[in-house]
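A closer look at the structure
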Amino acid sequence: MDSLLSKFEALGLTAEKAKEAAGNKKLAPTLSELIDATGQNAFEKAPGMLLYTLGTTVTKEKTPHASYIAKAIASGRIASTEQLSAATKFCVKNDPAANEKAFDEACGVGVVVSDSEIAASVKDVVDSAKELLVKDRYRAQGRVLGMVKKAPALRWAESGKVKSEFDAQILALLGPKDERDDPANAKKAAAKKPTGVGAASSVAKKPAESKKWEPTPLETMFADGDISRLHKAGENPQIKPELTREHLEATKGMVITRFPPEPNGYLHIGHAKAINVNFGYAKIHGGTCNLRYDDTNPEAEEQEYVDSILDTVRWLGFEPDKVLYSSDYFQELFDLAVDLIRRDLAYVCHCTAKQINEQRGGVSKGPRSCCAHRSRPVSESLEEFQKMKEGRYAANEAILRMKMDMEDGNPQMWDLIAYRILYSTHHRTGDKWCIYPTYDFTHCLCDSIENITHSLCTREFTQSRQSYYWLCDALEVYKPVQWEYGRLNVTNTVLSKRKLLELRDEGFVRDLDDPRLYTIPALRRRGVPPQAINAFVRELGVSTSSPIIAVERLENHIRDCLNEIAPRIMAAISPVRIVLENLPEDHLEMIELPYKSNDESFGVHKVPFTRVLYIDSSDFREVDSADYYRLAPGKTVGLQGVSSPVTCTDVRKNADGSIAEIVCRYENEGKQKKPKSYIQWVAECPQLGSPIRLDELRMYDPLFKHANPYDEAIVPGGWLSDVDRDSLHIHKGAIAEIGLWDLINKHAATESGKKDITEKRPENIRFQFTRMGYFTLDKDSSLSIADAAKTSKGSEVKLIMNRIVTLKEDSKK
């Protein structure tokens, strides 16, 4: 191990990465052989990283001349990832040692693209896309960069120089970024804040419109890295040439991907990345993506999850070309299993799980051995497999295993299980089957049947690539290409289905859509817009690394989105009564307020202004300070949308010392100095239903105290001990202005809004409680279409709000 560590560190790997590589039974010997082939024991960082990349992607079948490529890297002939990709592709069908000239031409060896050539080629692409760039400005930058990288003249150019030249030309064409580069700001104009007496009505002069906010274009997600250089349809080698011909005839050369979730739980934030990767890759290449449910385990699958998965895909803005199920192919998969047995590449085994583990080396990882049933006659396995199908064995008494290679260093080649017995009713096929194919048998064959061109999956399936290819070749069927990328993990949460269920069952959360979780239904219930989730995963791009991303990065995208689409409403979480002593008891003035300052497209609405108001307790201090700008005794502040400020003249207390009410003077006479700050307020006006009294405001902190609940060094008591039992804060007694009813009524007047309220999915009604955060209605609210049409809250209405995300603001101002 020590010799491997020093060997791998010589490539430029960190000590941690070198240790990881040395412990990988498949990668370690391959990478060691490649290093030995170079005849060197020290490397510059760039060639060292290329050698490591070669080691992680090389297979005996795909890269038979890997040693030659390693030498080319060490000598400097192969100096970029683009050249490495071309080299591995060339070596699939050619012997580079026998034709070095062809190898050099195919890999761009010795090709130098001058700075002037780079500038000219970039200019050609930018000029061709000028209309798009002028129209969409920097929002089109990712798409055009992708076009630049595909320019034939730039194939072997230094990527850093290309990017720098591209940025310079874009800057010269568009100038620096400004407000035009935010799509929601394109039509912004300064909004007026009119005041005056109006009719006693809360109906908006112009109802707020539904605003749109678009995330980063999909093209930027695939503009860089290996995923930008994946093969074209039909380029992946097959065991028989006619398979390629048949595949191209069926697909017409079109990209086809798939998103294959198991319907045994809700999708989570990591799946949002997978959805964007699979659907997005197909979309930007003019192809299609199937949604295929991997429903091969009837013990865990439920129709609720089937429905939720499709709903989630559509909610994120994608539409499957076809909705398919692995169970669609149960008969075909059974027939292929029989074929595999007839080829003497599968056998029925009666070993226990413990015996199989021992055959694979056991806990000590000792010598491996073959199952005693491995050499049974083909006819006997065919007969036994039929018995399994007919239900003549109990569960776990017999399995079908693939006859792979027990001597291979990859555990995914150790005679994997293809079929097992499960006496459970399937959600689609009922009790027709009592044997079910495993993921290892099903996945690649379903990909093959559907002519998938790019089987994109996360890195935990890297070792499975070898067994994936083995099975397709063993049955001589079309073989898609599997390509792995890093999965998405975020801090302060867990995503494991088993752990999520444990949180629910132990009472730490109410259900799997509890807004403190990061399942998609939980994020959706919390009010997170789908565009924000897409923006988050697209910003991260697609690479082979799997870092844990700070959840604050997701929250920043949520704020950016809501800042553009959410109307503003005045509210008080902890209301304090204010009496304007110099106004008459019956004073009523209708104040016209914008739903969003400086953006008239949101429209305006009217709220009453009366002698008695409420402000939030956070907007008042009995003891003032120089760095505090809100209301205090003797201090003057403005009221949002009101023409004159107010000055605190007295504070009246209850018997227990708490504030009963604040007495203020309305400074509506004479010329007043502009206040340093403005605070929000809600009027008391029962005849207009003001204020709206909110039954609950639910505020959420992270469910876990530490970024990584699994880190035993900082959480020695185990991940469950890291749960913050005070992460949910429920506030009762909060109030809001009557503009909230306008928003609810407007949403309920649309067909989608009617459906949301009828199905108790009101989270699309999003708004900002000014300076308090972004909120939405929770599904626990009691609200009907008839209720929404009213202008005041009746006793039967129950309004429960979720805080989506906080605002970033100085609390003193």
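Throughout this description, residue numbers start from 1 for each chain and increase along the sequence as written. This being a predicted model, a pLDDT of at least 70 is required before a residue's local features are given, and a value of 80 or more before pairs of side-chain atoms are given or counted; all residues contribute to the totals for chains, interfaces and linings. To get the side-chain values, all heavy atoms of the structure are used, and hydrogens and water are removed first.

1. Examining the overall build of the protein
- When you go through the protein residue by residue, the secondary structure sums to 27 helices and 29 strands.
- Taking the principal axes of its C-alpha atoms as reference, the protein extends roughly 100 × 75 × 50 Å.
- In the protein, buried positions account for 52% of the 813 residues.
- Distance from the positive charge centre (112 side chains) to the negative charge centre (118 side chains) of the protein: 2 Å. Strands are runs of DSSP state E lasting at least two residues, helices are runs of H or I lasting at least four, and both sets are numbered from the N terminus onward. Relative accessibility under 20% of the residue-type maximum defines a buried residue, over 50% an exposed one, and the middle range a partly exposed one, all with a 1.4 Å probe and only protein chains included. Positive charges are assigned to Lys and Arg, negative charges to Asp and Glu, while His and the chain termini are left out of the count. To locate a charge, take NZ of a lysine, CZ of an arginine, CG of an aspartate or CD of a glutamate.

2. Concerning the side chain of aspartate 513
- By the secondary structure assignment, aspartate 513 is in the loop between helix H21 (497-505) and helix H22 (520-526).
- Polar contact criterion, stated in full: a pair of N or O atoms within 3.5 Å, where within protein one must be able to donate a hydrogen and the other to accept it, and residues adjacent in sequence count only if both atoms are side-chain atoms. In terms of polar contacts, aspartate 513 uses its side chain to reach the side chain of lysine 779, at 2.7 Å.
- Excluding residues within four positions of it along the chain, aspartate 513 makes contact with Thr519, Pro521, Ala522, Arg525 and Lys779. Residue contacts are defined here by distance: any two heavy atoms, one from each residue, within 4.5 Å place the two residues in contact.

3. Considering the packing of helix H1 (residues 2-9) against helix H3 (residues 27-38)
- Lines fitted to C-alpha atoms define the axes here, with helix axes fitted over just the stretch in contact, and angles between the N-to-C directions of these axes take values from 0 to 180 degrees. Their axes nearest at 11 Å, the elements H1 and H3 cross at an angle of 60°. Relative to H3, the element H1 lies oblique. Our pair here, H1 against H3, has a crossing hand that is left-handed. Residues Leu4, Lys7 and Phe8 of H1 lie in contact with H3, whose contacting residues are Ala28, Leu31, Ser32, Ile35 and Asp36.
- When residue character is reported, Ala, Val, Leu, Ile, Met, Phe, Trp, Tyr, Cys and Pro are called nonpolar, Asp, Glu, Lys and Arg charged, and the others, Gly included, polar. Looking at side-chain class alone, the contact of H1 with H3 contains 5 nonpolar, 1 polar and 2 charged residues. The labels follow the angle: roughly parallel below 35 degrees, roughly antiparallel above 145, roughly perpendicular from 65 to 115, and oblique for the rest. Handedness of a helix crossing follows the sense of rotation of the near helix relative to the far helix, less than a right angle counterclockwise being left-handed and clockwise being right-handed.

4. So, the packing of aromatic side chains
- Classification of ring pairs rests on two measures: the distance between centres of Phe, Tyr or Trp rings, Trp counted by its six-membered ring, which must be within 6.5 Å, and the angle between planes, read as stacked under 30 degrees, edge-to-face over 60 and tilted in between. Within the structure shown, the criterion is met by 20 aromatic pairs.
- On the basis of an interplanar angle of 20° and a centroid distance of 5.1 Å, the ring pair of phenylalanine 334 and phenylalanine 385 is categorised as stacked. Residue phenylalanine 334 is located in helix H16 (residues 330-342), and its partner phenylalanine 385 is located in helix H18 (residues 378-389); the two are separated by 51 residues in the primary sequence.
- Since its relative accessible area comes to 7%, phenylalanine 334 is described here as buried.
- Measuring from centroid to centroid gives 5.3 Å for phenylalanine 609 and tyrosine 666, while their planes differ by 55°, and the two rings are tilted. Residue phenylalanine 609 is located in strand E16 (residues 604-610), and its partner tyrosine 666 is located in strand E20 (residues 659-666); the two are separated by 57 residues in the primary sequence.
- One aromatic cluster is present, built from ring pairs that chain together Phe330, Phe334, Phe385, Tyr419, Trp433, Tyr436 and Phe441.
- A ring is considered to have a charge above it if a Lys NZ or an Arg CZ atom is located within 6 Å of its centre and within 35 degrees of its normal. Here the basic side chain of lysine 389 rests over the ring of phenylalanine 334, its NZ or CZ set 5.4 Å away from the ring centre.
- Over the face of the ring belonging to tyrosine 325 we find arginine 428, whose NZ or CZ atom lies 3.8 Å from the ring centre.

5. A closer look at the packing of H16 against helix H19 (residues 439-449)
- The N-to-C vectors of H16 and H19 enclose an angle of 110°; their axes lie 11 Å apart at closest approach. Classified by the angle between their axes, H16 and H19 sit roughly perpendicular to one another. Within the contact between the two elements, H16 uses Glu332, Leu333, Leu336, Ala337 and Leu340 and H19 uses Phe441, Thr442, Leu445, Cys446 and Ile449.
- For the contact of H16 with H19, the per-class residue count stands at 8 nonpolar, 1 polar and 1 charged.

6. Topic: the environment of threonine 493
- Tracing the sequence through the fold places threonine 493 in the loop between strand E10 (489-490) and H21.
- Using a relative accessible area of 5% as the deciding quantity, one classes threonine 493 as buried.
- C-alpha separation for the pair threonine 493 and valine 112, spaced 381 residues apart in sequence, amounts to 49 Å.
- Each residue touching threonine 493, except ones within four places of it in the same chain, is listed here: Tyr518, Phe704 and Pro709.

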